[in-house]
Amino acid sequence: MKELIIATKNEGKMRDFRRLFEPYGIKVLSLIDLTDPVEDIEETGTTFEANAAIKAEAICQKFNTAVIADDSGIAIDALDGAPGVYSARYAGEKKDDQANLEKVLNELADVPREDRTGRFVCVLAIAQPEKETIFKRGECEGTIAFEQAGAHGFGYDPIFYPSDSAKTMAELTPEEKNQISHRRKALDQIENWVKQL
Ligand SMILES: O=c1nc[nH]c2c1ncn2[C@H]1C[C@H](O)[C@@H](COP(=O)(O)OP(=O)(O)OP(=O)(O)O)O1
Ligand SMILES: [Mg+2]
């Protein structure tokens, strides 16, 4: 089976990616799956594209092979786009999903339903030896809940209602999430590249 390295240590993303790549007959490996330990990569960029490039290019150079990275997050209009690129560390360096979503709920406590709009963003970077890095962006529009619901998914899924959905992203099955997610929409745009692997 063909293998592809995804430059991530996020287990929630990897569960999404394993399903998303399965139809292409591709086995995806995270940085945790590799036998060589990979040190944490500092995400010093101020855009999703910059951070995705940092991750993809570092691992591409290390292993001299094609690598995909995913930089993603949630952008909330009432918070001027925050947490945005800082989504993973919104409540502190520890990367605590529960603390992060509680911080958002607290900040939006007085914001009425119609003003709770936002979107998930996923930027995929493909880094390949001797080639320019390729970027594709997928977005999933929705609204932020007043309280968390659902046990699937990861990150901010329990507080995000995709547009036209009566269920949060965490109440959807993994298959349902993968039909509408920002990750799906970004991956759709690199389908031709994936198929030629
Ligand atoms: O489908 C999603 N459903 C819910 N939440 C999500 C999703 N996609 C991204 N998110 C949140 C999780 C984390 O708070 C941030 C990603 O941050 P991001 O730096 O890209 O990932 P990370 O540091 O966890 O792992 P890594 O950099 O090793 O890939 O956005
Ligand atoms: Mg990260």
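Our subject in this report is the structure included herewith.

Here is what the cut-offs are and how they apply
- Residues numbered from 1 in each chain as written.
- Chains lettered and ligands numbered in written order.
- Predicted model: local features only at pLDDT ≥ 70, side-chain atom pairs only at ≥ 80, totals over all residues.
- Pairing = 2+ DSSP bridges.
- Helix = DSSP H or I, 4+ residues; strand = E, 2+ residues; numbered from the N terminus.
- Axes fitted to C-alpha atoms, helices over the stretch in contact; angles between N-to-C directions.
- Contact = placed C-beta atoms within 7 Å.
- Core = buried A, V, L, I, M, F, W, Y, C linked by C-beta atoms within 7 Å.
- Buried ≥ 20, exposed ≤ 12 C-beta atoms within 10 Å, placed from the backbone.
- Near = placed C-beta within 6 Å.
- Nonpolar A, V, L, I, M, F, W, Y, C, P; charged D, E, K, R; others polar.
- Arc of directions from axis to C-beta.

Description of the sheet that holds strand β3 (residues 67-76)
Inference 1: If you walk across this open sheet you meet the six strands as β2-β1-β3-β4-β5-β6, and the pairing is mixed. In the strand order of this sheet, the two ends are held by β2 (26-29) and β6 (160-162), each with one partner. The average undirected angle you get between the axes of adjacent strands in this sheet is 35 degrees.
Inference 2: Examined bridge by bridge, strand β5 (residues 134-144) and β6 share three bridges and lie antiparallel to one another. Bridge pairing in β6 links I144 to F160.
Inference 3: Along the sheet, helix α1 (residues 11-21) makes contact with β1 (2-6), β2 and β3, crossing β2 at roughly 165 degrees.

Focus: the nonpolar core
Here is a general trend for soluble globular proteins: nonpolar side chains tend to be buried in one another's company.
Inference 1: Ranked by internal contacts, the top residues of the largest apolar core, which has 43 residues, are A52, A56, V67, V123, L124 and A125.
Inference 2: Top element by residues in this core is strand β4 (residues 117-127). It accounts for eight residues.
Inference 3: In this view, A52 contacts A69, D70, D71, V123, L124, A125 and F135; residues no more than four positions away in its chain are not counted.

Looking at the pairing of β3
Inference 1: For β3, the tally of buried residues reaches nine of ten residues, placing the bulk of the element in the interior.
Inference 2: Of the pairings in the sheet, the one linking β1 to β3 comprises two bridges and is parallel in character. The partner of I5 across the bridge, within β3, is V67.
Inference 3: As defined by bridge partners, β3 adjoins β4 across ten bridges and the pair is classed as antiparallel. Note that in β4 the partner of V67 across the bridge is A127.

Some words on the site of ligand 1
Inference 1: Around ligand 1, the surrounding shell holds 22 residues, and the nearest of these are T8, N10, S72, A88 and G155.
Inference 2: Partitioning the shell around ligand 1 into residue classes produces five nonpolar, nine polar and eight charged.

Remarks on helix α3 (residues 97-107)
Inference 1: Residues N100, L101 and V104 constitute the buried set of α3. For α3, the angular spread of the buried residues around the axis is 90 degrees, confining them to a single face. In this structure, α3 carries Q98, A99 and N106 as exposed residues pointing more than 90 degrees from its buried face.
Inference 2: Packing partners of the buried residues in α3 comprise β3 and β5.

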